[in-house]
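Observations on the three-dimensional arrangement
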2 protein chains.
Amino acid sequence: MTVVGICEDDPDVRRVLTDALKMNGHRVVIARNGREAVENLGRHSGVDVLVLDIGLPDADGRDVCQALRSGGQHAPALFLTAFDAVHDRVSGFRSGGDDYVVKPFAIAEVLVRIESLVRRSRPVPASTSGLALDPERLSVRVGDREVALTPTEFRLLGAIAAEAGNVVRRRTAVAAAWPDGAIVNENTIDSYVRRIRVKLATIDAPVELTTVRGVGFSLR
Amino acid sequence: MTVVGICEDDPDVRRVLTDALKMNGHRVVIARNGREAVENLGRHSGVDVLVLDIGLPDADGRDVCQALRSGGQHAPALFLTAFDAVHDRVSGFRSGGDDYVVKPFAIAEVLVRIESLVRRSRPVPASTSGLALDPERLSVRVGDREVALTPTEFRLLGAIAAEAGNVVRRRTAVAAAWPDGAIVNENTIDSYVRRIRVKLATIDAPVELTTVRGVGFSLR
DNA sequence: ACCACGCAGTCAGGTCCGTTGCAGGTTGTC
DNA sequence: GACAACCTGCAACGGACCTGACTGCGTGGT
């Protein structure tokens, strides 16, 4: 079950969203403005995904997001923008795995996008790899030992850990860790793999990030 | 190599998908609408994975999928849903190992999802030889014992195991393991056969890679 | 405005290992 | 026994990978 954090001032919109989400088996945490958002939707709120209105009375949704992020809240965000808002820079904040929809929206579309965001950021179940990847804290944990990862390191390790036991091709790994089709130097991925290996070693992770020569990498 | 069947009416989207897939070494079969899909992407088309637009001019991609399924086409499907489409029950068809992405999509994400679908839908065949060749891990397994192979070793063993019980001519084996018409020393294949024998022995494989003098090799 | 810091990405050099073919021994066939 | 086909061990080559350091960029604090 997904916990959705909503920050929206319009009671009708809140209502519609809440009903639809609950009907689909999700839980909802409400904030009516930016202040409440920071209070209710922060790092330890258990929220899996954020739905933030851009046009709040007391703040811009993007600023709210920023504030939450700096407080350690890394759940992906879906922004709601008004139909007649200026669309410059809207696409800009789609980076970082976030997304947006334009009001008035079809509620079903919002549901799809929420599920899509959640799917992309789901933590890897510890059962498969022995590692606990925490997207909220951008960290890996094994037992009570934990290391922080950078966003890129986290995406890369996530992609490889998701296929634990299988070989992840270099190209696949690149596509997963550098989503917007960025072209990175072949060697860049090696550097990141190395950094991840070093970090995994510091917590005595019971896994090995092996390289399968000519193919890719594999977590065992 | 994966064969991807695409059903999409927008020429631009077709173009982007086709280019990206070809660039990544896949083959593409095109259908511009539901009718063509049923004609071109059916059971015997050799398609490994389907990419279906939901919003086709003459049909719903989900109906197309249904039609193909009832015709015996069981390749997994990736659905493309339009940004502004109405998404009633969209999450419903995620069952069956299918998946979907929302337009506009990052092409890299589509690639990752396609490869993921293909991987999941290709279970390791419990081959007649008693060997389990796992292309995902580049390994052979028998029972719970497993050895890693190099890419060339794997291709060679794969070619011979595919004809388990029959004799594979040296020429045929070379053509299978060295695809681009490379000219290799006659002795090179002997070296590889030897190494494969050694590796099979380490896992007590219940088979024998015998040589048929003057002809080729055979797995029994 | 400035600086310190952390992250992303690149580079150069070194190392490793898959691939290949050689040399010499062994087996099978006539 | 003679010859060809095959097996075995080994060593060279080259590309793939590893490593450590460096640059540039953005962010946050002073």
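Here the structure is a predicted model, which is why all the values come from computation and not from measurement.

A few words now on the confidence of the model for chain A. With 81% of its residues at a pLDDT of at least 70, chain A reaches an overall mean of 78. Mean pLDDT values over the elements of chain A span from 50, in helix H5 (residues 126-129) of chain A, up to 93, in helix H8 (residues 186-202) of chain A.

Moving on: the sheet that holds strand S8 (residues 145-148) of chain B. All names here are of chain B. Here we have three strands laid out as an open sheet, ordered S6-S7-S8, and antiparallel in their pairing. The open sheet terminates on both sides in strands that have one partner only, identified here as strand S6 (132-134) and S8. When strand polarity is set aside, the average angle formed by the axes of neighbouring strands in this sheet is 20°. Bridging between S6 and strand S7 (residues 139-142) involves three bridges; their strand directions are antiparallel. Each bridged residue has a counterpart across the sheet, and for Leu 133 the counterpart in S7 is Val 140. Helix-sheet contacts for helix H5 (residues 151-162) involve S6 and S7, and the interaxial angle to S6 is about 140°.

With that out of the way, let us pick up the protein's contact with DNA strand C. What surrounds DNA strand C is a group of 24 residues, the closest being A:Thr150, A:Trp178, B:Thr150, B:Thr152 and B:Asn187. One of the side-chain nitrogen or oxygen atoms of A:Thr150 is found 2.5 Å away from a phosphate oxygen of DNA strand C. The separation between a phosphate oxygen of DNA strand C and a polar side-chain atom of B:Thr188 is 2.6 Å. Looking at the surface near DNA strand C, the elements with two or more residues in it are helix H6 (151-162) and H8 of chain A together with H5 and helix H7 (186-202) of chain B.

Calculation rules
- Residues numbered from 1 in each chain as written.
- Chains lettered and ligands numbered in written order.
- Predicted model: local features only at pLDDT ≥ 70, side-chain atom pairs only at ≥ 80, totals over all residues.
- Heavy atoms only, no water.
- pLDDT = per-residue confidence, 0-100.
- Helix = DSSP H or I, 4+ residues; strand = E, 2+ residues; numbered from the N terminus.
- Pairing = 2+ DSSP bridges.
- Axes fitted to C-alpha atoms, helices over the stretch in contact; angles between N-to-C directions.
- Contact = heavy atoms within 4.5 Å.
- Near = heavy atom within 4 Å.
- Polar contact = N/O pair within 3.5 Å; in protein donor to acceptor, adjacent residues only side chain to side chain.

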